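# Secondary and tertiary structure notes
In case you want the letters, here they are:
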Amino acid sequence: MKITRILITAAMLAACPPVGAATAPLAWQNKALSADARADLLVSVMTIDEKLVLVTSYYGTQVDRNRYRHPDARRQSAGFVPGVPRLHFTPQWQTDAGSGVATQGIAVPDLQRTALPAGILTAATWNPDLAVKGGAMIGAEARASGFNTMLAGGVNLLREPGNGRNFEYGGEDPLLAGTMVGAIVRGIQSNHIITTVKHFALNDQERRRTTVNILVDEPSARMSDLLAFQIAIEQGNPGAIMCSYNLVNGEWACQNPWLLNKVLKGDWGYKGFVMSDWGAMHDTVKDALGGLDQEAGVQEPKDYVYRDKLKAAIADGRVPIAVLDDKVRRIARVLIASGAADNPPTADNPIDFAAHAAISQADAEEGIVLLKNEGPILPLAGSARRIAIIGGHADVGVLTGGGSAQVYPRGGSAVQGEGPKHWPGPIVYAPSSPLKALQTERPGAKIDWADGSNLSAAAATARNADVAIVFVTQWTAESLDFPLTLPDDQDALIDAVARANPNTIVVLQTGGPVLMPWIDRVKGAVEAWYPGSNGGKAIARILTGKVNPSGHLPATFGRAATDWPRAEIDGLQRGKDEIFDVRFTEGAAVGYKWFDKNGTRPLFPFGHGLSYTSFAPSGLKAGAKGRTIQASFSVRNTGRVAGKQVAQIYVSPVKGGWEAPKRLGGFAKLALAPGQSKSATVTVDPRLLGMWDSRNPGWTVAAGQYRVTLATSATDPGSSVVVTLPASHWPAGRGVAK
Ligand code: BGC
């Protein structure tokens, strides 16, 4: 009865739309209805021109004179979709990205925001609860800054160690990356805004990203990159998915019906909308029919494929109106369901920067990884009265990653004039000095500083100290890929310092794996990634033992570029418009799986991370639970300080047959006081026990024996038990994770 009345009202509205803005609530605004019903009502009263408004997002920043900026976009933002004032439907204000509210183009002093550490650092925490908090923080800043859409949630797998965007993503394993990015998404969306999981899909290199054609067979894609997306979507329920620039098996990702219609919306039952990466749309009809809902990055007067072009395609029957309705309904539904439509954000609201910096710091303190600790040299002993700090601008700040994800941190960049003059440069350092933080932590110590530009000066500074800490950096950024060797001869700097002082520690700030030819000559190594707004404090607190490190690598660190499937990323020599193939011959054997398969010993394995205490795992039990595996175990802190251990469960078929010997099947991060023991139970997602089956689409788990290993990294033999499973088949779709 109620529904009928609403529908009648809706029909009346459609027949005679009011002039000017309506005052009484419209039928679709009835909060007692479901988001689906409200979206249906909204679409039913929209004119075609109003519908067309929702499917085009304009560029939000005028980077140069040739570029258009929608006048209603928030300043220096990524994108803007006008609303429908007649129907009181909200505009969409869109901002990057994973480390917080980014500023497009040049820095603007009043658009400085809190920088969460890089996505890869958050993945290195292996702590989804912390990731939710970080996501909630950046989402709150997005809303307070006037945005209802974030472009955060990068989950492309770290297949290419030199990919310039690895810092934005969640590492090399589908379960870990999907779980951690899904958690960030949950946090962001807790602010009545939506976010977008990206870049869908197989956009694992930056070089020539708009012309690279990724060739991969379906089972390999389903068991690697697509699985990471599937898990992130299941766990995060993102409002949008951003399709990527590249081609997949000969078709652009944003007009790829297999990726968008079949896998995402069909098999996975995804109900949100697909937005293009900025300018990644190509063809009105192919995009519209291929599954792209919203084109983005439109710069007047060209470069768009929807608007009047889509209207014409609908008018002459090339695109059914139902296709446009579906796109609009998807967009409207998620904005309604998230609360974004009922609570449009306003700009310039106050932000509690101190509280947010503390959240950023907590993330950094759990994601920084202690790689090596001989002696142990760390935490810094009280006897280390004289400390040499060398290089990496450690006197003033910590590194951030570049490109559209660039957050201009509070206080502005601590370093000027480095890196490319134009986007994705310049290089930005968050003004959080590790040196000053160390001085605060160790007021009695004498700290000497050398900037590292002169090797003999650096060696002289190191020689006089009890301990020498070399800070090395590798800036990485969107649109670029990078060699695995540290730039600017920093390997030589480490060598010079290590020769001068046997107590040398290296603190790395990199976006992913780098080679460490000097590792045997230093006593300690710490991977700090890009540690965010309070990164200097986090590093100092780890070095001094105020915080016990508990980060674990979300990616394998190899010894040589040839350890990975492609020692060189293709694209550098390619013409701008030349489409070229990159074949993923490794299939689903990404990261540690590739190393395992080839018997290659990594420098530091996936999952590796040291602590200032020691842990003893015990009591591994595993058995069939339903048609999957459940494992339980205990971990005791056997040392003298509190710490957190990441217990990892790996699974492998006793008799071969997978893309690689083993897969991460689950994990648990346990906080333990000295002497304390805790137990945990992990249920293995059956997709991690099966193979994608193209003949009977879905996941087929073979009957047989499976080894379940409790370990602390991908190369730790740990302890194992064997479980026998019956054959089973699992549907392609969502919901099997739980
Ligand atoms: C990037 C996206 C980003 C968009 C908007 C593109 O260049 O690939 O990740 O969200 O720009 O800034």
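What you see is a predicted model; the values in this text were computed from it and never measured.

Below, the discussion takes up the packing of helix α13 (residues 353-367) against helix α17 (residues 535-544). Interhelical geometry of α13 versus α17 gives an angle of 40° and a closest axis separation of 9 Å. The angle between α13 and α17 falls in the class oblique. Judged by the twist between their axes, the crossing of α13 over α17 is right-handed. Across from Q361, A364 and E365 in α13, the residues of α17 making contact are K537, A538, R541 and I542. Of the residues in the contact of α13 with α17, the class split is 3 nonpolar, 1 polar and 3 charged.

As assigned here, the protein chain comprises domain 1 (363-563) and domain 2 (613-730). Summarising the inter-unit geometry, the C-alpha centres of domain 1 and domain 2 are found 34 Å apart. Counting residues at the interface gives 4 residues for domain 1 and 10 residues for domain 2. On the domain 1 side of the contact with domain 2, E366, N548 and H552 bury the most area, a combined 81% of that side's loss.

Around the ligand there are 14 residues in total, and D96, R165, H199, D277 and E478 lie nearest to it. Contact between the ligand and D96: an oxygen atom at 2.5 Å from a side-chain N or O atom of the residue. Taking Q104, its side chain carries an N or O atom lying 2.9 Å from an oxygen atom of the ligand. Contact with the protein chains hides 95% of the accessible area of the ligand, taken as 310 Å² for the molecule alone. Classifying every residue of the shell around the ligand by side-chain character gives 5 nonpolar, 3 polar and 6 charged.

This part takes up the sheet that holds strand β23 (residues 643-653). Across the sheet, which stays open at both edges, the 4 strands sit in the order β24-β23-β28-β29 with antiparallel pairing between neighbours. The sheet is open, and its two borders are formed by β24 (663-672) and β29 (719-725), each paired with just one other strand. Shown here is a sheet whose adjacent strand axes are inclined to one another by a mean of 20°, direction ignored. Here 9 bridges tie β23 to β24, and the two strands are oriented antiparallel to one another. Paired with K644 across the strands is A671, a residue of β24.

Bringing the packing of helix α6 (residues 174-189) against helix α8 (residues 225-236) into the picture now. Here α6 crosses α8 at 35°, and the two axes come no closer than 7 Å. Handedness of the crossing formed by α6 with α8: right-handed. On the side of α6, the interface is formed by P174, L175, G178, T179, V181, G182, V185, R186 and Q189, while α8 contributes L227, A228, I231, A232, Q235 and G236. Taken together, the residues of the contact of α6 with α8 sort by class into 8 nonpolar, 6 polar and 1 charged.

Once that is clear, we can look at the side chain of T709. Within the secondary structure, T709 is located in strand β28 (residues 704-711). Judged by its relative accessible area of 10%, T709 is buried. The residues touching T709, leaving out its near neighbours within four places in the chain, are Q648, I649, Y650, P717, G718, S719 and S720.

The next subject is the side chain of T103. Looking at the secondary structure, you find T103 in the loop between β3 (92-95) and α4 (119-125). From its side chain, T103 meets the backbone oxygen of L111 in a polar contact 3.3 Å long. Ignoring any residue separated from it by four or fewer positions in sequence, one finds T103 in contact with Q76, V108, L111, Q406 and Y408.

Reading guide: rules and limits
- Residues numbered from 1 in each chain as written.
- Predicted model: local features only at pLDDT ≥ 70, side-chain atom pairs only at ≥ 80, totals over all residues.
- Heavy atoms only, no water.
- Axes fitted to C-alpha atoms, helices over the stretch in contact; angles between N-to-C directions.
- Helix = DSSP H or I, 4+ residues; strand = E, 2+ residues; numbered from the N terminus.
- Parallel < 35°, antiparallel > 145°, perpendicular 65-115°, else oblique.
- Left-handed = near helix turned anticlockwise from the far one by under 90°.
- Contact = heavy atoms within 4.5 Å.
- Nonpolar A, V, L, I, M, F, W, Y, C, P; charged D, E, K, R; others polar.
- Domains from an automatic or database assignment.
- Buried area = accessible area lost by both parts, 1.4 Å probe.
- Near = heavy atom within 4 Å.
- Polar contact = N/O pair within 3.5 Å; in protein donor to acceptor, adjacent residues only side chain to side chain.
- Areas by Shrake-Rupley, 256 points an atom, 1.4 Å probe, with all protein chains shown as cover.
- Pairing = 2+ DSSP bridges.
- Buried < 20%, exposed > 50% of the residue type's maximum accessible area, 1.4 Å probe, protein only.

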